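Descriptive structure summary
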Amino acid sequence: MREDLELFSFIFGAVIGSFLNVLISRLPKNISVVSPRSFCPSCKKIIPWYYNIPLLSYIFLKAKCAFCKEKIPFSYFIVELLSACLTLAFFVKFSLSYEFYIFILLSYVLITLSFIDFKYKAVPDYLLLLVLVLSFFVTKQPILEAFKSAFIFAGAFVLLNFVLTFYVQNIKSKILKDESLKTQEALGEGDIPILAMIAVIIGVKAAIIAVFLASIFAIIPAIYSSFIKKDIQTPFIPYLVLGFYVEYFFVLEDFLKVNI
């Protein structure tokens, strides 16, 4: 019975991931997420349900549209897989509880934000606000303490921005031999609610580690983006989210076990 529910949670997450791909594609363009049905961005043909099975369709169609044979971005598969894996991970951790439902809702919004940031390097403000609001429903801190954590961490944005800019941008500048990179800020305004969200859920001390991890994760892709794609803008929200999950599932769990 337990194994069946775990499998169902994985499949459910993959299905939601398919819908998240629609949100990622349409929200920044202000297109309805309900109508029209899923269609190929290249040939504009409506995709039948049997060509739109999460994870499996991407594999069986060999990452190509069934009609025009245009390549399907790998990000579609990754979004579905991430959504499925996180849904399963939170089910294993919380079972069918209040925490499970709130955490997976938060995770779906974070996945959407991350991939919109990857694609457009800008994110809708209402999604950032939603993430911040949801964080207060999953935190184990007292509400006043959670607010305090959010304000302390968000208030330290200038200092964090300085530190991250110094390390990330100076490393990129030295490797790429481009002095102009030193003046590019590592964090943007959209990162502040994510920083606050992290502090609300796991506390300020753990949040610092999460941001440090995010900086490490961002260095190599940032260098690749600047060197290969000639793009000096690196979206940081995806790496903040990755740092948060690594801290939450691995580092923080070990820390709590040691200190109990």
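Throughout, residues of each chain are indexed from 1 in the direction in which the sequence is written. Given that this is a predicted model, residues contribute local features only at a pLDDT of at least 70 and side-chain atom pairs are listed and counted only at 80 or more, while totals for whole chains, interfaces and linings are drawn from all residues. Remark: hydrogens and water are excluded; side-chain values derive from all non-hydrogen atoms of the structure.

**What about the packing of helix α4 (residues 98-120) against helix α5 (residues 125-138)?**
Inclusion rule: Axis lines are fitted to C-alpha atoms, over the contacting stretch for helices. Their N-to-C directions set the angle, which ranges from 0 to 180 degrees. The helix and strand labels rest on DSSP assignments: H or I over at least four residues marks a helix, E over at least two residues marks a strand, and numbering proceeds from the N terminus. Any angle that is under 35 degrees is reported as roughly parallel, and any over 145 degrees as roughly antiparallel; angles of 65 to 115 degrees are reported as roughly perpendicular and all others as oblique. By convention the crossing between two helices is left-handed if the near helix lies anticlockwise of the far one by an angle smaller than a right angle, and right-handed if it lies clockwise. The contact criterion used is simple: two residues touch if any of their non-hydrogen atoms lie within 4.5 Å.
At a closest axis distance of 10 Å, the pairing of α4 and α5 adopts a crossing angle of 155°. Judged on the interaxial angle alone, α5 and α4 are roughly antiparallel. Note that α4 runs across α5; the crossing there is left-handed. Between α4 and α5, the contacting residues are Y98, I102, F103, L105, L106, V109, L110, T112, L113 and I116 on the first element and L127, L128, L130, V131, L134, F137 and V138 on the second.

**Structural notes on helix α8 (residues 191-202)**
Just so we agree on the cut-off: For a helix, the expected span equals 1.5 Å multiplied by the residue count minus one. Residue burial is assigned from relative accessible area. The probe radius is 1.4 Å, only protein chains are included, and a residue is buried under 20% of its type maximum, exposed over 50%, and partly exposed in between.
The end-to-end C-alpha distance of α8 is 17 Å, a good match for the 16 Å that 12 residues give at a rise of 1.5 Å each. Among the 12 residues of α8, 11 are classified as buried, and the element is accordingly described as predominantly covered. All of the buried residues along α8 are D191, P193, I194, L195, A196, M197, I198, A199, V200, I201 and I202. G203 sits one or two positions beyond α8 and adopts a positive phi of about 90°.

**Structural notes on unusual backbone geometry**
With an omega of 0°, the peptide bond between S35 and P36 qualifies as cis. Relative to the elements of secondary structure, P36 occurs in the loop between α1 (2-26) and α2 (56-60). Of note in this structure, K44 is not a glycine but carries a positive phi near 70°. For K44, the position within the fold is in the loop between α1 and α2. Unlike most non-glycine residues, K69 shows phi in positive territory, near 65°.

**Let's talk about the nonpolar core**
Put simply, the rule reads: Throughout this description, the term nonpolar core refers to a set of buried Ala, Val, Leu, Ile, Met, Phe, Trp, Tyr and Cys residues connected via side-chain atoms within 4.5 Å.
In terms of nonpolar packing, the biggest core is built from 49 residues, with F90, L110, I194, I198 and I202 touching the most fellow members. Breaking this core down by element, the ones donating at least two residues are α1, α3 (74-94), α4, α5, α8, α9 (204-227) and α10 (237-259). Counting residues in each nonpolar core, the second largest holds seven residues, with A14, Y58, I72 and A84 among its members.

**Some remarks on the packing of α4 against α8**
Contact pair α4 / α8: the axes reach a minimum separation of 13 Å and the direction vectors enclose 155°. By the criterion of interaxial angle, the relationship of α4 to α8 is roughly antiparallel. Where α4 crosses over α8, the two elements pack in a sense that is left-handed. Note on element contacts: α8 touches α4 through I194, M197 and I201, opposite F103, L106, L110 and L113.

**Thoughts on the confidence of the model for the protein**
For clarity, the threshold we go by: The pLDDT score gives, residue by residue, the confidence of the prediction method on a 0 to 100 scale.
Looking at the protein as a whole, its pLDDT mean stands at 84, while 80% of the residues score no less than 70. By mean pLDDT, helix α7 (residues 157-176) is the weakest element of the protein at 60, and α3 is the strongest at 96. Scored below 50 in pLDDT, residues 255-260 shows zero contacts in the model against residues more than four places distant or in partner chains.

**Some details on the layout of surface pockets**
Selection criterion: Here a cavity denotes grid points, spaced 1 Å and computed from the protein atoms alone, that fit a 1.4 Å probe unable to get out, and a pocket denotes an open set having protein on both sides within 12 Å along at least 5 of 7 lines; residues with an atom within 4 Å of a point are the lining. Grid points are joined across faces, edges and corners, and a volume is the space filled by probe spheres set on the points. Residues are grouped as follows: Ala, Val, Leu, Ile, Met, Phe, Trp, Tyr, Cys and Pro are nonpolar; Asp, Glu, Lys and Arg are charged; all remaining types, including Gly, are polar.
Quantified by volume, the largest pocket comes out at close to 980 Å³. The wall of the largest pocket is formed by 40 residues, among which F39, P41, I72, P73 and Y76 lie closest to the centre. Looking at the lining of the largest pocket, the element that brings in the most residues is α1, giving eight residues. Residue classes in the lining of the largest pocket are distributed as 25 nonpolar, eight polar and seven charged.

**Considerations on a nonpolar patch on the surface**
Keep this limit in mind: The patches reported here contain residues having more than 30% relative accessible area and no salt bridge. Joining distances are 9 Å for like charges and 5 Å for nonpolar side chains (Val, Leu, Ile, Met, Phe, Trp, Tyr). To be clear on the numbers: accessible area is Shrake-Rupley with a 1.4 Å probe, and residue cover counts the displayed protein chains and nothing else. Whenever a carboxyl oxygen of Asp or Glu lies within 4 Å of a side-chain nitrogen of Lys or Arg, that contact is scored as a salt bridge.
A grouping of W49, Y50, Y51, I53, L56, I59, F60 and F67 is seen on the molecular surface, where their side chains present a nonpolar patch of about 880 Å² in accessible area. Relative to the assigned elements, W49 resides in the loop between α1 and α2.

**Notes on the packing of aromatic side chains**
Put simply, the rule reads: Any pair of Phe, Tyr and Trp rings, taking the six-membered ring for Trp, is counted once the centres come within 6.5 Å. Such a pair is stacked with planes under 30 degrees apart, edge-to-face with planes over 60 apart, and tilted for the rest.
Following the criterion strictly, the structure yields 23 aromatic pairs and no others. For the ring pair F90 and F94, a centre distance of 6.2 Å and an interplane angle of 5° mean the geometry is stacked. Pair noted here: F90 and F94 are both in helix α3, with a separation of four residues, about one helical turn. The class for F90 is buried, based on a relative accessible area of 0%. In textbook terms, an aromatic cluster arises when at least three aromatic residues are bridged by ring pairs, as seen for F90, F94, F103, F244, Y245, Y248 and F249.

**Quick look at the state of the cysteines**
Each disulfide consists of a covalent bond between the sulfur atoms of two cysteine residues. This is how the line gets drawn: Disulfides are defined as cysteine sulfur pairs within 2.5 Å.
Within the structure shown, the criterion is met by zero disulfides. Free cysteine C43: the closest other cysteine sulfur is in C40, separated by 3.7 Å. The class of C43 is partly exposed, set by a relative accessible area of 25%.

**Thoughts on the side chain of Q141**
Here is the rule we go by: Counting of polar contacts relies on pairs of N or O atoms within 3.5 Å, with two restrictions inside protein: one atom must be capable of donating a hydrogen and the other of accepting it, and residues adjacent in sequence are counted only when both atoms are side-chain atoms.
One can find Q141 in the loop between α5 and α6 (143-155). A polar contact is formed between the side chain of Q141 and the backbone oxygen of A199, at a distance of 3.1 Å.

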